Amino acid sequence: KVQTALSRESFAMVPRSAVETYAKDIANCLTDVVCLRKAGQRFGVEFVMWASTVRQGSGWKVEIKLRDTATGTELGQQTSQCDSCAIEGLLPKIGESTVALASNASGRDRSDLEVRSEPSGAEVLIDGQSLGNAPLKQSLLTGQYALVVRKPGYVDYSQQIDVKGGGPLVVD
């Protein structure tokens, strides 16, 4: 049922064991942004969604997270719970949560962020996640982000940015 819900949105569900066997880069990268970005580029994947299940008494709790591979930004999280059912009883709720997360992410546009610094080589962080060093050009989902540009020996530069579709956002 979850696979059916996902297929409506042109996503595929891959069991973690298959990911670990065939795409170890992604399985090991769920929390490492640099690794996640490289794996996303390697496999042509924009988003990674994963679920964790926890047995609670006679029921189950499932937490689903969606992350943007370009920046590591967590795009959403949904929790489903069934206090007295088998895991199969959660499948409709998991399907709904998964489709909601995927629809929200796939419906957003992307735009480029260009960051330049003088001197070059300053680290660029978006929402606390390092994207690399300036000069940097990175595709981001539209939305608001906390930008920090820092280099040892210099004062950090911090700014809230609003990435909108229609052209690059340049920060000097």
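Scroll up for the structure.
Residues numbered from 1 in each chain as written. Predicted model: local features only at pLDDT ≥ 70, side-chain atom pairs only at ≥ 80, totals over all residues. Heavy atoms only, no water.

### Considering the environment of Cys 82
Turning to its location among the elements, Cys 82 is positioned in strand β3 (residues 74-82). Taking relative accessible area as the criterion, Cys 82 reaches 16% and is therefore assigned buried. Sequence-wise, Cys 82 and Lys 93 are 11 residues apart; in three dimensions their C-alpha atoms are separated by 9.2 Å. Non-local contacts of Cys 82, meaning those with residues more than four positions away in its chain, are made with Gly 59, Trp 60 and Leu 90. (Helix = DSSP H or I, 4+ residues; strand = E, 2+ residues; numbered from the N terminus. Buried < 20%, exposed > 50% of the residue type's maximum accessible area, 1.4 Å probe, protein only. Contact = heavy atoms within 4.5 Å.)

### What about unusual backbone geometry?
Note on backbone geometry: most residues besides glycine have negative phi, and most peptide bonds are trans. Residue Pro 119 follows Glu 118 across a cis peptide bond; omega there is 0 degrees. Following the sequence through the fold, Pro 119 ends up in the loop between β4 (110-115) and β5 (123-126). Cis geometry marks the peptide bond from Ala 134 to Pro 135; its omega dihedral reads 5 degrees. Looking at the element boundaries, Pro 135 is found in the loop between β6 (129-133) and β7 (136-141). Despite not being glycine, Asp 127 shows a phi value in the positive range, around 50 degrees. Tracing the backbone through its elements, the reader meets Asp 127 in the loop between β5 and β6. Since its relative accessible area comes to 38%, Asp 127 is described here as partly exposed.

### What about the sheet that holds β6?
In any sheet, the strands associate via hydrogen bonds between backbone groups, in a parallel or an antiparallel arrangement. Reading across from one edge, β6-β5-β8-β9 is the order of the four strands in this open sheet, with antiparallel pairing throughout. Strands with a single pairing partner mark the edges of an open sheet, and in this sheet they are β6 and β9 (157-163). Looking at each pair of strands side by side, their axes are set apart by 30 degrees on average, direction ignored. (Pairing = 2+ DSSP bridges. Axes fitted to C-alpha atoms, helices over the stretch in contact; angles between N-to-C directions.)

### Here we look at the sheet that holds strand β10 (residues 169-171)
Taken together, the three strands give an open sheet; going across it, the order is β7-β4-β10, and neighbouring strands pair in mixed fashion. If you trace the sheet from one side to the other, it starts and ends with β7 and β10, each paired once. Along the sheet, successive strands turn relative to each other by an average axial angle of 25 degrees, direction set aside. Bridge count for β4 against β7 is six bridges, and the pairing is antiparallel. Counterpart to Glu 114 in the pairing with β7 is Lys 137.

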